[in-house]
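# A closer look at the structure
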Amino acid sequence: MSYDGILLGAGHNALVLQAYLGKAGLRTLSLERNAAPGGGLVTTEDPRHPGFRHNTHSFFHRAITQMPWYRELQLERRGARYLEPELNVALVQRDGNVLEWWTDFEKTAASFARFSPKDARALRRWRDDFVPVLERIVGPESRRPPLPAAQRRALLEKSREGRLLLETSALSPEAFVLREFEHPLIQAGLLFFNGLREVDLRCEGFGHHIPILLAASGKAQMCIGGSGQLAQALLEAVGETGGEVRCRSAPRRILVENGKAIGVETHEGERILARHFIASSLNPQQTFLELMDPGDVPADWRGKAARFTYNLLAPLFGLYLSLSERPMYQAEENFPQLSKALMVILGLERYGQFPEIVQAHEKGEIPAPVMWGSTPTVFDPSQAPPGRHTAFMWEKLPYRLRGDAQNWDGAKDAHGSDMLAAWRRYAPNLGDAVLDRFSRSALDTERNLPNMREGDLLVGAFTHGQVGDDRPFPGAGQYRGHVKGLYLCGSSSHPGGNVTGLPGYNCAQVLYADLGLAGDWAP
Ligand SMILES: Cc1cc2nc3c(=O)[nH]c(=O)nc-3n(C[C@H](O)[C@H](O)[C@H](O)COP(=O)(O)OP(=O)(O)OC[C@H]3O[C@@H](n4cnc5c(N)ncnc54)[C@H](O)[C@@H]3O)c2cc1C
C-alpha cells in the first residue's frame, strides 16, 4: 500500500497539515493510536450519566477564530462554532472581591483601577506599546517557520518595535511584572496567565510574554458542542480531499532507505510506503529514538532528542462534575456578572504563592489549591441534558507525586474530594448539586497521549534551546528531520503547544516549498 505521505498521530496539528496537503491533491494517511482522532481535542460523555459531555483535555481555545487555517479550511462551514464570552476571566478572592479581564479593554482597565490606578495606567501603556509589536512581529512570527536566532536579532534591532521586544524579553516574566505592577493580586494574576502558557516565570528571555498578553485582542474562546467539534470539522476538511485517518493503528518503525524516509511499519507488521514524506506530530524521543533504528539517526541527533525536556509546571489535574445546577459563587452577590465568566480562578490571593507552587512541584508535593476552570453549559446548554450542567476545575500538580507518577492512581480520588471541598468554599451549592464526578491526573494524560511525556500538555518545555529555530532542538527547527522526506509537525516544534494549529500550519508551508506545490494561502 502506498501514499504520497504518512502522518504520525492525528491530533489537531497533524489534521491541519493533512488538510492543507489534501488541498494540493496529495494522497495522505494519518496513523493514530487512539480509538478517535483529535488528540487534545476531545469531548467525552459521562458513561454513568448520558448527555453530560466533558472536555477532558483542552477547553479554552485562545483566538482560534483568528487563526489563518480556521478560515482557509472553512471550518465554520464544517460545523465548528466558537463563543468568546465578554467576561473572559474572573479571579475570585476569598473575601469576595473579583479581578476581571473583559474582551472590552476599557472594562478590564476599570477592574484593574479598583485595585490600583497606577496598575491600570501601566496596563494601558503596555497594551498601547505592544499592539504594534504583536501585530508586526510576534503574530506573524508564529505563523511561519522561525528565523535563525542571529538573523532574527539583527532584524529586530532595526525597528523601534523590535528593540522594545528585545528589551522586554531580556527580563524574566517575574522581573517584568514586579517592575511594572504594584498590586500583589494583579501581579499574581499576570504571572498566573504566564504560567498557563507554561513559561517559567523565573526565566530571563521571556519577559515579553506579559506585555504580549496585555496587548492580545484575541481572548479565550470555547467551541460550541465541545472541543471535539473542532476535531470533527478538521476531519471533514481532511476527508473532503480524500485524506485517510486510521485509528487504533500505531507506527512501530519509520523505514529509511538510501538516506530517505520511505514509509512506516505498523505494530501489526504492515509496511506502508510514502512517495514523498513522513510527518511526525509526536515528540522527539518518540520520533528519533523509539521509531527509528539507531543506525538511521546520527549520534548528535539522538543525543539532542534524548535531552529534549518537558515542563515541570505543565502537568494538570482535572476534576469534572456532572451537576443538577451550575456552581453559584458567593461573590456573585456583589459581582452578579461572575455568573457569566468563562474562566474562573480560585485560590490565588497573592504573588508570594508562586515560589511555593514551584517548590511543591520540585519536591513532588501538592501545594495549597490554586485552580481554574469553567461551567461550559452556562454558554452552551448542548453539553448537558436540559436544565443540567457540567463544570470543571484544573490544578497544576506535580507529575511525580512523592517521587513517582504511579502514586497518582492511589491518590486521585482523594485529591478530587479535596479539590471539590476547596471549590465549595467559593460555591457552597456544589454540596448538593453534584450528580457525578471523576478526576484525571497527569499520568492519565500521558497514558492517553504519550506524546505529552510527563504529562506536559505543551509537549516540551519553553526554555532556552527549545524555542524558535531551536525547537525542538538546534538543527531541527525548520520542521525537517535529518533525512530527506522526514518532517515534524507537532507541538514540539515552533511555536509550541496549546491549540493553535500553527506547528502543523508552518510545516505545511515547508512541505509545499520542498515539494514545489502551488498554494496562495502561505504568508
Ligand atoms: C488536561 C489538559 C488541558 C488542556 N487545556 C488546554 C486549553 O484549555 N487550551 C489549549 O490551547 N490547550 C490545552 N491543552 C493542551 C493541548 O491539548 C495540546 O497542547 C495540543 O493538543 C497539542 O496538539 P498536537 O496536535 O501537537 O498534539 P496532540 O493533540 O497530543 O495529538 C497527538 C496525537 O498523536 C497520537 N499519538 C501519540 N503517540 C502516538 C503513537 N506512538 N502512534 C500514533 N499516534 C500517537 C495521540 O493519541 C494524539 O491523538 C490541554 C491539555 C491537557 C492534557
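As a starting point, this report considers the structure included with it. As the structure is a prediction and not an experimental result, all values here were calculated from the model. (Residues numbered from 1 in each chain as written. Predicted model: local features only at pLDDT ≥ 70, side-chain atom pairs only at ≥ 80, totals over all residues. Heavy atoms only, no water.)

### Here we look at the overall build of the chain
Secondary structure assignment for the chain yields 17 helices and 19 strands. In terms of overall dimensions, the chain has C-alpha extents of about 70 × 60 × 45 Å along its principal axes. Counting only residues that meet the buried cut, the chain has 60% of its 523 residues in that class. For the chain, the computed accessible surface area is about 20,100 Å², with 50% contributed by carbon and sulfur atoms. Each charge sign in the chain was given a centre, from 58 positive and 60 negative side chains, and these centres are 2 Å apart. (Helix = DSSP H or I, 4+ residues; strand = E, 2+ residues; numbered from the N terminus. Buried < 20%, exposed > 50% of the residue type's maximum accessible area, 1.4 Å probe, protein only. Areas by Shrake-Rupley, 256 points an atom, 1.4 Å probe, with all protein chains shown as cover. Lys, Arg positive; Asp, Glu negative; His and termini not counted. Charge placed at Lys NZ, Arg CZ, Asp CG, Glu CD.)

### Considerations on the pattern of salt bridges
What the rule picks out here adds up to 26 salt bridges. Residue Glu236 pairs with Arg78 through a salt bridge whose shortest N-O separation is 3.9 Å. Of the two residues, Glu236 is situated in helix H10 (residues 228-240) and Arg78 in the loop between helix H2 (68-72) and strand E6 (82-83); the sequence distance between them amounts to 158 residues. Given a relative accessible area of 9%, Arg78 falls into the buried group. Here Glu157 ties to Arg153 by a salt bridge, and the two come within 3.2 Å at their closest N and O atoms. (Salt bridge = Lys/Arg side-chain N within 4 Å of Asp/Glu carboxyl O.)

### Some remarks on the sheet that holds strand E5 (residues 61-62)
Strand order in the open sheet formed by three strands is E5-E9-E6, with antiparallel pairing between adjacent strands. Whereas interior strands pair on both sides, the edge strands pair on one side only; in this sheet they are E5 and E6. With two bridges connecting them, E6 and strand E9 (residues 220-223) associate as antiparallel partners. If you follow Leu83 over to E9, its bridge partner there is Met222. (Pairing = 2+ DSSP bridges.)

### Topic: the pairing of strand E14 (residues 316-323)
For E14, a buried count of eight out of eight residues is recorded, marking the element as mostly surrounded by other parts of the structure. Residues Leu316, Gly318, Tyr320 and Ser322 point to one face of E14 and Phe317, Leu319, Leu321 and Leu323 to the other, with burial holding for every one of them. Pairing of E14 with strand E17 (residues 389-396), which is carried by eight bridges, proceeds in the antiparallel orientation. Each residue of the ladder has a partner; that of Leu323, found in E17, is His389. As paired strands, E14 and strand E18 (residues 434-440) are joined by six bridges and run antiparallel to one another. By the bridge assignment, Gly318 is partnered in E18 with Arg440.

### Description of H10
Compared with an ideal rise of 1.5 Å per residue, which puts 13 residues at 18 Å, H10 spans 18 Å between its outermost C-alpha atoms and is within 8% of the ideal. Among the residues trailing H10, Gly242 stands out with phi positive, at a value near 90°. (Expected span 1.5 Å × (residues − 1).)

### Quick word on the nonpolar core
Phe60, Phe181, Phe192, Phe193, Ile345 and Trp372 are the most contacted members of the largest nonpolar core, which has 70 residues in total. The contact partners of Trp372, leaving out residues within four places of it in the chain, are Phe60, Phe192, Leu196, Leu316, Met343, Val344, Ile345, Phe392, Met393, Trp394, Glu395 and Lys396. Counting 40 residues, the second-largest nonpolar core is a separate cluster that includes Tyr82, Val238, Phe277 and Val510. (Core = buried A, V, L, I, M, F, W, Y, C linked by side-chain atoms within 4.5 Å. Contact = heavy atoms within 4.5 Å.)

### Quick notes on unusual backbone geometry
Between Arg471 and Pro472 the backbone carries a cis peptide bond, its omega angle lying at 5°. The topology assignment puts Pro472 in the loop between helix H16 (442-448) and strand E19 (486-488). Cis geometry is found at the peptide bond from His494 to Pro495, where omega equals 0°. Examined against the element boundaries, Pro495 turns out to sit in the loop between E19 and helix H17 (502-515). Even without glycine at this site, Gln74 takes up a positive phi of about 55°. With phi around 85°, Asn498 is a residue other than glycine that occupies positive phi space. On the secondary structure map, Asn498 appears in the loop between E19 and H17.

### Notes on the packing of helix H1 (residues 12-23) against H10
If you want to describe how two helices pack, look at the angle between their axes and the distance between the axes. At a minimum axis distance of 8 Å, the contact between H1 and H10 shows a crossing angle of 30°. Classed by the angle they form, the pair H1 and H10 counts as roughly parallel. Seen along the crossing, H1 lies across H10 with a hand that is left-handed. Mapping the contact onto sequence places His12, Leu15, Val16, Gln18 and Ala19 in H1 and Ala231, Leu234, Leu235, Ala237 and Val238 in H10. Partitioned by chemical class, the residues of the contact of H1 with H10 number eight nonpolar, two polar and no charged. (Axes fitted to C-alpha atoms, helices over the stretch in contact; angles between N-to-C directions. Parallel < 35°, antiparallel > 145°, perpendicular 65-115°, else oblique. Left-handed = near helix turned anticlockwise from the far one by under 90°. Nonpolar A, V, L, I, M, F, W, Y, C, P; charged D, E, K, R; others polar.)

### Considerations on the site of the ligand
The ligand sits among 33 residues. The nearest are Glu32, Phe60, Leu457, Ser491 and Asn498. Within the backbone of Phe60, an N or O atom sits 2.7 Å from a nitrogen atom of the ligand. Gln286 is positioned such that a nitrogen or oxygen atom in its side chain is 3.2 Å from a nitrogen atom of the ligand. Out of a free accessible area of 1,000 Å², the ligand has 95% covered by protein chains. The class makeup of the residues in the shell around the ligand is 14 nonpolar, 17 polar and two charged. (Near = heavy atom within 4 Å. Polar contact = N/O pair within 3.5 Å; in protein donor to acceptor, adjacent residues only side chain to side chain.)

### Re the layout of surface pockets
When its volume is computed, the second largest pocket comes out at roughly 230 Å³. Residue contributions to the lining of the second largest pocket peak at four residues, all from helix H4 (residues 117-142). Its residues assigned to classes, the lining of the second largest pocket comprises seven nonpolar, two polar and four charged. (1 Å grid on protein atoms, 1.4 Å probe; cavity = no way out; pocket = protein on both sides within 12 Å on 5 of 7 lines; lining within 4 Å. Points joined across faces, edges and corners; volume = space filled by probe spheres on them.)

### Structural notes on the side chain of Glu265
Structurally, Glu265 can be placed in strand E12 (residues 260-266). The buried category is assigned to Glu265, whose relative accessible area is 13%. When near neighbours in sequence (up to four residues on either side) are disregarded, Glu265 contacts Pro251, Arg252, Arg253, Leu255, Glu270 and Arg271.

### Describing empty space enclosed by the protein
Summed over all chains, the structure comprises three cavities of 30 Å³ or more. Estimates place the volume of the largest cavity at around 190 Å³. Phe192, Phe354, Ile357, Val370 and Lys396 are, among the 16 residues lining the largest cavity, the residues nearest its centre. For the lining of the largest cavity, the secondary structure elements donating two or more residues are helix H8 (184-196), helix H13 (353-363) and E17. In terms of residue class, the lining of the largest cavity is made up of 13 nonpolar, one polar and two charged. In this structure, the second largest cavity spans a volume of roughly 90 Å³. What lines the second largest cavity is a set of 14 residues, and nearest its centre among them are Tyr329, Leu338, Ala341, Val344 and Thr375. Each residue belonging to the lining of the second largest cavity can be placed in one class, and the counts come to nine nonpolar, four polar and one charged.

From the geometry alone we can't say anything about function, so treat these as descriptive.
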